[in-house]
Amino acid sequence: MKKSLGRAFIYSLIALFIMVFLFTVISYALNDDMYILIDSITAYPFLIIYHLTKAFTFFPWYLIELISVGTGYMLYYIGVFVALIIASIIAGISGGDIPKSLGGWILTSICCIVLLMAGAYVEAMVKQYICATCTVEEAIVDVLITGATNLLIFGGVTLIVAAIVGKS
């Protein structure tokens, strides 16, 4: 398989989008709340951006805490956490060497962060999903902080995978 920065970026971004979307739909369907998801996306089309990139709005330790509490949407939180891990692993594998793999993960993270910031700026409902009582500027800062944290933590996963794959 050919390996490059572009492949690491595209493959990890697509994997992240698909996994978050699937776990969101499955979670809402299992909780009989699918109508809420469909109605909200119909009324606010920019929520699609949020639902595809929402993995970058949670700190990893907060996701673990939500999973351990066992809420009704536990599958949703598991899916968001697993999507970040799988996307970073795919970036590590498809990049080939460490700089290309890490670059692909950084591009994926920046793309998701920028999409979330643009969604919060354009659509008030996206901002409300990010943080309910804050201004647009505070929502953008919140996305930057959580996104940078996820970039660093899961960038470490990408580095480990790229180092292991690069030696084999």
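Higher on the page you've got the structure.
Here is a short report on the structure shown in this document. (Residues numbered from 1 in each chain as written. Predicted model: local features only at pLDDT ≥ 70, side-chain atom pairs only at ≥ 80, totals over all residues. Heavy atoms only, no water.)

### Topic: the packing of helix 1 (residues 5-30) against helix 5 (residues 74-95)
Contact pair helix 1 / helix 5: the axes reach a minimum separation of 8 Å and the direction vectors enclose 165°. Between helix 1 and helix 5, the interaxial angle falls into the category roughly antiparallel. Crossing hand, helix 1 versus helix 5: right-handed. Residues belonging to the contact of helix 1 with helix 5 are distributed by class as follows: 18 nonpolar, six polar and one charged. (Axes fitted to C-alpha atoms, helices over the stretch in contact; angles between N-to-C directions. Helix = DSSP H or I, 4+ residues; strand = E, 2+ residues; numbered from the N terminus. Parallel < 35°, antiparallel > 145°, perpendicular 65-115°, else oblique. Left-handed = near helix turned anticlockwise from the far one by under 90°. Nonpolar A, V, L, I, M, F, W, Y, C, P; charged D, E, K, R; others polar.)

### Considerations on the state of the cysteines
Applying the stated criterion across every chain, the model contains one disulfide. A sulfur-sulfur distance of 1.5 Å marks the disulfide that ties C131 to C134. Where C131 bonds to C134 through sulfur, the torsion about that S-S bond is close to 60°, and the disulfide is right-handed. Among the residues examined, C131 registers a relative accessible area of 18% and is labelled buried. Free of any disulfide, C112 has its nearest cysteine sulfur in C111, 5.6 Å distant. A relative accessible area of 0% means that C112 is categorised as buried. (Disulfide = S-S within 2.5 Å. Buried < 20%, exposed > 50% of the residue type's maximum accessible area, 1.4 Å probe, protein only.)

### Considering helix 4 (residues 60-69)
Two residues of an α-helix separated by three or four positions point the same way, owing to the 3.6 residues in each turn. By the burial criterion, the buried members of helix 4 are P60, L63 and L66. Relative to the axis of helix 4, the buried residues are bounded by an arc of 120° and lie together on one face. Opposite the buried face of helix 4, at more than 90 degrees from it, the exposed residues are W61, S68 and V69. (Arc of directions from axis to C-beta.)

These figures capture arrangement, not role.
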